[in-house]
Amino acid sequence: MKLFSAGASPFGRKIKLALHVLNLTGDVQVIATDTSQPDSENRKHNPLGKIPTLLTEDGTVIYDSRVIIDYLNERGGGNILVPASGNDRVNVLTRAALMDGIMDAAILVVYEGRMRPEGMQVQSFVDYQRGKIERALAAIEAGKPVYSSGKTPNAAEIGLACVIDYLDLRGVVNWRDHAPSLTGYITEFSKAVPGYHDTLPEGIAAADWR
């Protein structure tokens, strides 16, 4: 299989961590991808040009990260990243959607500063996206998050770890101001989950758990 991704992408990292958890890293070649390149191999497979994109051995193209997670979960035996049915499945999928929403908002803030000419950034848009992140972090904190899943985190737990590190990488919001208990969460996650350190984005600031 081929995984088209980029080192800084939290969505791509989510897939890389899932591969480690499911012991599938040996089955996948990770291809560094620049989404701005019009002639990239990724765009040939994914008309949206977004990452991550997964190309399976039989040529099947899978995107976006939520669908890839579902595919890998089934390939890895099922009921690992996402429960098979019932309220547990709905709960994990809902929490995973919250993490994806935080990542989406953070990336939009980054793009607003990166893509628009100097002085043309729309501050109200940035504030709107940051508000989403801050409310989501407050909701996470209210749930008293503790990591206790050992080597087999579910999709929501993987997503939360990627959120924490991406917010640190880009400095969009200081999550410690809104969800201080996440320090304990990410410390335990980093100790237990295979691939955590191997998948850290280049240039991320040092921390006790990194």
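Along each chain, numbering runs from 1 in the same order as the chain's sequence is written. Note on the predicted model: pLDDT of at least 70 is required for a residue's local features to be given, and 80 or more for side-chain atom pairs to be given and counted; whole-chain, interface and lining totals, by contrast, use all residues. The side-chain values count all of the structure's non-hydrogen atoms but skip hydrogen atoms and water molecules.

## Structural notes on the overall build of the protein chain
Here is step 1: The helix and strand tally for the protein chain stands at seven helices and four strands.
Here is step 2: To qualify as a helix, a DSSP run of H or I must reach at least 4 residues; to qualify as a strand, a run of E must reach at least 2; elements of each kind are numbered from the N terminus. Going from the N terminus to the C terminus, the protein chain shows its helices and strands as β-α-β-α-β-β-α-α-α-α-α.
Here is step 3: By the compact-globule yardstick of 17 Å for 210 residues, the protein chain fits well, its C-alpha radius of gyration being 17 Å.
Here is step 4: Within the span of the protein chain, comprising 210 residues, buried residues form 46% of the whole. Note that the radius of gyration is over C-alpha atoms, with the globule rule given as 2.2 Å times the number of residues to the power 0.38. Each residue gets one of three labels from its accessible area relative to the maximum for its type: buried under 20%, exposed over 50%, partly exposed in between, using a 1.4 Å probe on protein chains only.

## Here we look at a nonpolar patch on the surface
Here is step 1: Residues enter a patch when their relative accessible area is above 30% and they make no salt bridge; the linking distance is 9 Å between like charges and 5 Å between nonpolar side chains (Val, Leu, Ile, Met, Phe, Trp, Tyr). The Shrake-Rupley method, run with a 1.4 Å probe sphere, supplies the accessible areas, and residue values consider only the shown protein chains as cover. Whenever a carboxyl oxygen of Asp or Glu lies within 4 Å of a side-chain nitrogen of Lys or Arg, that contact is scored as a salt bridge. Together, Leu 48, Val 61 and Tyr 63 give the surface a local cluster of nonpolar side chains, amounting to about 260 Å² of exposed area.
Here is step 2: Along the chain, Val 61 falls in strand β4 (residues 61-62).

## Points about the nonpolar core
Here is step 1: In terms of nonpolar packing, the biggest core is built from 59 residues, with Leu 72, Ile 133, Leu 182 and Phe 189 touching the most fellow members.
Here is step 2: Listed by contribution, the elements that provide at least two residues to this core are α1 (10-21), α3 (65-75), α4 (86-115), α5 (123-142), α6 (155-170) and α7 (182-192).
Here is step 3: With 11 residues, the top contributor of residues to this core is α6.
Here is step 4: Those residues within four positions of Ile 133 in sequence are excluded, and the remaining contacts are Ile 102, Ala 105, Ala 106, Leu 167, Val 172 and Val 173. Throughout, nonpolar core names a set of buried Ala, Val, Leu, Ile, Met, Phe, Trp, Tyr and Cys residues whose side chains join them through atoms within 4.5 Å. Pairs of residues are marked as contacts when any of their non-hydrogen atoms sit within 4.5 Å.

## Let's talk about the environment of Asn 91
Here is step 1: Counting through the fold element by element, Asn 91 comes out in helix α4.
Here is step 2: Taking C-alpha positions, Asn 91 is 23 Å from Tyr 166, a pair spaced 75 residues apart along the chain.

## Regarding the pattern of salt bridges
Here is step 1: The tally for this structure, following the rule as stated, stands at 11 salt bridges.
Here is step 2: A salt bridge links Glu 41 to Lys 2, with the nearest nitrogen and oxygen atoms 3.3 Å apart. One end of the pair, Glu 41, is in helix α2 (residues 41-45); the other, Lys 2, is in strand β1 (residues 2-5), and 39 residues separate them in sequence.
Here is step 3: Judged by its relative accessible area of 32%, Glu 41 is partly exposed.
Here is step 4: With its nearest N and O atoms 2.9 Å apart, the salt bridge here joins Arg 176 to Asp 168.

## Focus on the sheet that holds strand β2 (residues 29-32)
Here is step 1: Should DSSP find at least two bridges between two strands, the strands are regarded as paired. The sheet built from four strands is open, its strands ordered β2-β1-β3-β4 with mixed pairing. The open sheet terminates on both sides in strands that have one partner only, identified here as β2 and β4.
Here is step 2: When strand β3 (residues 53-55) meets β4, the two strands line up antiparallel, connected through two bridges. Bridging from a neighbouring strand, Leu 55 pairs with Val 61 of β4.
Here is step 3: Helix axes are fitted to C-alpha atoms over the stretch in contact, other axes to C-alpha atoms as well, and angles between N-to-C directions run from 0 to 180 degrees. Contacts from α1 reach β1 and β2, with the element oriented near 150° to β1.

## A few points about the layout of surface pockets
Here is step 1: Points on a 1 Å grid, built from protein atoms alone, make a cavity when a 1.4 Å probe fits but cannot get out and make a pocket when they are open with protein on both sides within 12 Å along at least 5 of 7 lines; residues with an atom within 4 Å of a point are the lining residues. Grid points are joined across faces, edges and corners, and a volume is the space filled by probe spheres set on the points. Space inside the largest pocket adds up to approximately 810 Å³.
Here is step 2: Lining of the largest pocket is provided by 30 residues; of these, Ser 9, Thr 35, Ile 51, Ile 107 and Tyr 111 occupy positions nearest its centre.
Here is step 3: With eight residues, the single largest contributor to the lining of the largest pocket is α4.
Here is step 4: In the scheme used here, Gly and all other residues not listed as nonpolar or charged are polar, with Ala, Val, Leu, Ile, Met, Phe, Trp, Tyr, Cys and Pro taken as nonpolar and Asp, Glu, Lys and Arg as charged. Tallied by class, the residues present in the lining of the largest pocket amount to 14 nonpolar, eight polar and eight charged.
Here is step 5: A volume near 200 Å³ is recorded for the second largest pocket.
Here is step 6: Among the secondary structure elements, those contributing two or more residues to the lining of the second largest pocket are α4, α5 and α6.

## Details of the side chain of Glu 157
Here is step 1: Here Glu 157 shows up in helix α6.
Here is step 2: Dropping the residues within four chain positions of it, Glu 157 is found in contact with Tyr 147, Ser 149, Tyr 185 and Phe 189.

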